[in-house]
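# What the coordinates show
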Amino acid sequence: MDSSTELPVHADFLRRVARRSNRKVRTKIFTTNYDKCFEQAGSAGRFVVIDGFSHMLPQTFDASYFGYDIVQRDEHTDSPDYISNVFHLYKMHGSVDWTRHPETKEISKTETPENPVLIYPRHTKYELAFEQPYLEMMSAFQAAIRKPNTGLIVVGFGFNDNHISEPILAAMRSNLNLKVVVCDPVLAPEKARSEGEKDWDGIAKTNQYLKKVQSLIENGDPRLALLNGTFEDLVSVMPDILAETALEKHLERVKRMAEAS
């Protein structure tokens with residue numbers, strides 16, 4: 001990835017889920033990916049990303065920044081106005097542009113860190129997830145899925161990380177107002193579909209967490225759904241709740257003008 005990399009699916013996803021009414025809580029995106037796709041797609045779409053880092057240089061991490069918001073203040077009025085197109089981004093396994101100061105232990109952003117702050121796929125992953133800054137991300141995730149009237153969309157996560165899967169299952173059990181959609185292309189393997197097999201369960205038959213989700217669905221739980229598909233498939237059928245804003249229309253006109261020149 002570089003500054004010219006286009007991310008149309010990520011951009012479309014943000015446009016559909018992060019443009020919410022200012023009266024509602026900000027959309028929260030929790031990702032186990034290390035890449036900067038959401039940051040770059042958000043920047044291209046003129047979104048403001050609140051990711052736990054300061055808005056001054058050097059950008060340093062402090063969980064209290066997740067409590068901040070962005071407002072527009074008019075000199076003619078006393079009350080601030082919350083701006084649209086803001087979302088929270090929690091990178092639960094670290095990021096390719098995070099680095100930890102060897103002495104102060106502060107985490108900051110840099111384009112070329114020598115030792116990126118990451119949780120690598122290894123047997124100590126579970127233990128590392130309960131160290132800082134990952135603990136802050138996990139705490140925020142658990143708090144979010146226990147709030148009433150919450151929707152959780154799970155995309156491309158195979159429920160193989162126990163420290164994330166367990167809180168999701170616990171929230172399904174205890175939060176009656178939680179609605180969950182799990183989308184994954186291996187829920188119904190292509191080979192089974194092409195050969196006309198009726199039993200398509202895929203990983204839902206072998207993964208202990210997805211087996212429990214499927215059991216809840218089969219026993220009539222209307223809050224849950226399993227969808228076979230990719231991230232691209234899901235975004236293409238997600239409803240676009242809000243109309244395109246004047247700013248978005250203008251940015252598209254400017255982009256086309258640049259391409260035509």
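The structure reproduced in this document is the subject of the present report. Keep in mind the model is a prediction, meaning the values are calculated, not measured.

It is worth spelling out the sheet that holds strand 5 (residues 86-91) at this point. Pairing is parallel across the open sheet formed by three strands, whose spatial order is 1-5-2. The sheet is open, and its two borders are formed by strand 1 (27-31) and strand 2 (48-50), each paired with just one other strand. Sheet twist, expressed as the average angle between the axes of neighbouring strands with direction ignored, equals 30°. Bridge count between strand 1 and strand 5: five bridges; the pairing is parallel. Within the sheet, the bridge partner assigned to phenylalanine 30 lies in strand 5 and is tyrosine 90. Seen against the sheet, helix 4 (residues 134-144) touches strand 1 and strand 5 and runs at an angle of roughly 130° to strand 1.

In space, the three strands of this open sheet follow the order 8-9-10, with parallel pairing throughout. Lying at the two open borders of the sheet, with one neighbouring strand each, are strand 8 (150-155) and strand 10 (224-228). Here the strands of the sheet are splayed against their neighbours by 15° on average, with no regard to which way each runs. Across six bridges, strand 8 lies against strand 9 (residues 178-184) in parallel orientation. From the neighbouring strand, isoleucine 153 faces strand 9, where its bridge partner is valine 181.

Moving on, we come to the nonpolar core. One recurring pattern in soluble globular proteins is that nonpolar side chains are buried together. By size, the foremost hydrophobic cluster in this structure holds 35 residues, and its most contacted members are Leu152, Phe159, Ile168 and Val180. Elements that contribute at least two residues to this core include exactly strand 5, helix 4, strand 8, helix 5 (162-174), strand 9 and helix 7 (208-218). The residues touching leucine 152, leaving out its near neighbours within four places in the chain, are Phe141, Ile145, Ile168, Leu178, Lys179, Val180 and Val181. Judged by nonpolar contacts, the second largest core, of 18 residues, contains Cys37, Phe38, Phe87 and Cys183.

Calculation rules
- Residues numbered from 1 in each chain as written.
- Predicted model: local features only at pLDDT ≥ 70, side-chain atom pairs only at ≥ 80, totals over all residues.
- Heavy atoms only, no water.
- Pairing = 2+ DSSP bridges.
- Helix = DSSP H or I, 4+ residues; strand = E, 2+ residues; numbered from the N terminus.
- Axes fitted to C-alpha atoms, helices over the stretch in contact; angles between N-to-C directions.
- Contact = heavy atoms within 4.5 Å.
- Core = buried A, V, L, I, M, F, W, Y, C linked by side-chain atoms within 4.5 Å.
- Buried < 20%, exposed > 50% of the residue type's maximum accessible area, 1.4 Å probe, protein only.

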